Amino acid sequence: MAYISSHPEHLPRTGVMSQMAEMMHLTFKRGHYTGHFTRGFKGVTAKILGSWKTMFKTLEEAEIANNKCMWAPFHDEEERELASFLMKNVGQNKMDEFLKLSKVCNSSISFNSTWTFLKKVDRLCTGLAWTCKTIDVVSDVVGKDNVMAYVPEHAYADEKGENHIYDEMWTGDWWWDMQTQVPKGAVVAPVILSSDKTSLSIFSGDKKAWPVYLTIGNISKDTRCQVSVHATILIGYLPVLRLKCFQKKTCSLAGHWLFHHAMSLVLQPLIDAGCHGREMVCTDGYLCWVHPILAAYIADFPKQCLVACNKENHCPCCLVKSDKCGDLEECTWHSMMDTLKTLQCKQRNKQSRKFDAEGLHAVYKPFWKDLPFMDIFACITPNILHQLHKGVFHDHLLQWCIRLIGEKEIDILFMGLLSGAVDKDILLAMQDSLKMFHDYKHILIDLEVCQDFNIPKLHLLQHYVTSIRALGSADGYNTKYPERLHIDYAKDAYQASNKCDYIEQMALWLQCQEAIHYKSTYLTWRRARNLLQGGQGAPPPPNVSRSHTE
């Protein structure tokens, strides 16, 4: 039996988009890219359908109606700060010991045991509740004035609009193209997923977790990369099993089946929501029709191949032959439709030359087959940390240089790669540099530094420019940010458990953490609202189309 903890299948009226933004206290704007010349999307986008109360507004009215203070269920700000500290830093046993100290007992705090404290925490508002689904395995976002984008824009370095700048996701071509496919006036919410296994045990043990994280491209990449603002949320834990009930030769394939089945359960709500859209509330109180569509999947190379259902000696993006990864040549991209047909043919006939030539795994029901408006192979993003810095540079290029001139003599100045906005000239320079490397790489073979360049990670550099043009600069999809999330959403949660049936305990602990954070964010919102009350003009009326025309 394997357990998947995930959010419920039915999205609430507020939606993930609104809840994430409200927790980060974001400001919503339609079209805001500054510092460059911009051209907005021609047509109606982000149309306001009406108005609705936000979660925080509803909480505020309930407190006023029930004559409760803003700190409830705690007595005051000091007690709430203590509750926040205890929840995040103290285990349940130590918490009981602390609350039984005479100094604490003689104080005026309203809880005197772990049980009474957790009862108060349970009364706090939180995000979506966690559920647990069982799989049978058969043998063989607070602080800065952040901005959230609703419409795509093209940014240029010159007034004539000849030098296109690619930075945030809304400046890329993917969003621009996707806006033409959804109904007029709708909002595109580009879903960005990331997942990776992580070890939970310290020094010894084999306990692992496989978190799945979600964020949206409407949020600035600088904000998404800050763990403290909670711009990326945990949506589930995938099962991590040894699958001993399978034979050795089929165990690996069974792991692929399990991954895709688990991901299909977690992402089930995206099928209908992405296809038909959902009415969601923005933090300014307005309703918009939103289509959450999978746009990017952040993962290291083995996980990219797992997502794309192909073997690791093949490219997860294109149809390059396994023995041609070292060549610089244009290759046809994978097609979702063709790949699914090849898998179906393999399932029926058991033999397929195309199946073998493309290096596919026999995963007949990949999790992405029913997701609308998306191309899973175009969702594979550049991986600066593992693929470029460690994979190509450290493991290969640096080692080749050391063999040529020696480790003591080498003195390399490390410079930032693909960081920040890039324009057309930089992309052309990247292509020219890659071409120059391939033109002279034979020298390394002549000097017997290496035998060949049939390296899939080296081949993937050819797709970087295409990915940047579609989804924005590569620093917005670095795997180092999801790895940092493992500390808060996996390792700390595991240490707070009793190490038995820990996944369910981790989910409950994280829900308590979220409740405390939600309360803190709500109080920050209340303070800011009190300061600004009376100083702001009336918002625009409903049914106003906040759109851009050329």
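Structure shown above.
Remember, it's a predicted structure, so these values are computed and weren't measured experimentally. (Residues numbered from 1 in each chain as written. Predicted model: local features only at pLDDT ≥ 70, side-chain atom pairs only at ≥ 80, totals over all residues. Heavy atoms only, no water.)

K.L.:
So what's going on with helix α15 (residues 424-440)? Which residues, and what values?
P.N.:
The end-to-end C-alpha separation of α15 is 25 Å, in line with the 24 Å expected for 17 residues at 1.5 Å each. Three or more residues of α15 are buried, namely Leu427, Leu434 and His438. Considered in projection along α15, the buried side chains sweep an arc of 40° and stay on one side of the axis. Opposite the buried face of α15, by more than 90 degrees, sit the exposed residues Asp432, Met436 and Tyr440. The secondary structure elements touched by the buried residues of α15 are β8 (164-166), β15 (422-423) and α18 (464-471). (Helix = DSSP H or I, 4+ residues; strand = E, 2+ residues; numbered from the N terminus. Expected span 1.5 Å × (residues − 1). Buried < 20%, exposed > 50% of the residue type's maximum accessible area, 1.4 Å probe, protein only. Arc of directions from axis to C-beta. Contact = heavy atoms within 4.5 Å.)

K.L.:
Could you give an account of the pairing of strand β14 (residues 286-298), naming the residues involved and the relevant values?
P.N.:
Along β14, twelve of the 13 residues are buried, which leaves the element largely enclosed by surrounding structure. With two bridges connecting them, strand β4 (residues 50-51) and β14 associate as antiparallel partners. Each bridged residue has a counterpart across the sheet, and for Ser51 the counterpart in β14 is Tyr286. Of the strand pairs in this sheet, strand β9 (residues 187-195) and β14 are connected by eight bridges, and their pairing is parallel. Paired with Val188 across the two strands is His291, which belongs to β14. (Pairing = 2+ DSSP bridges.)

K.L.:
How would you explain the nonpolar core if you had to name every residue and give the values?
P.N.:
With 47 residues, the main nonpolar core has Phe367, Trp368 and Ile376 as its most contacted residues. Where this core is concerned, the elements lending two or more residues are α7 (173-179), β9, β11 (208-216), β12 (233-238), α9 (248-266), β14, α11 (301-308) and α12 (336-349). Those residues in contact with Ile376 that lie beyond four places of it in its chain are Leu294, Val307, Met336, Phe367 and Trp368. Residues Val104, Leu234, Tyr494 and Ile503 belong to the second largest nonpolar core, which totals 30 residues. (Core = buried A, V, L, I, M, F, W, Y, C linked by side-chain atoms within 4.5 Å.)

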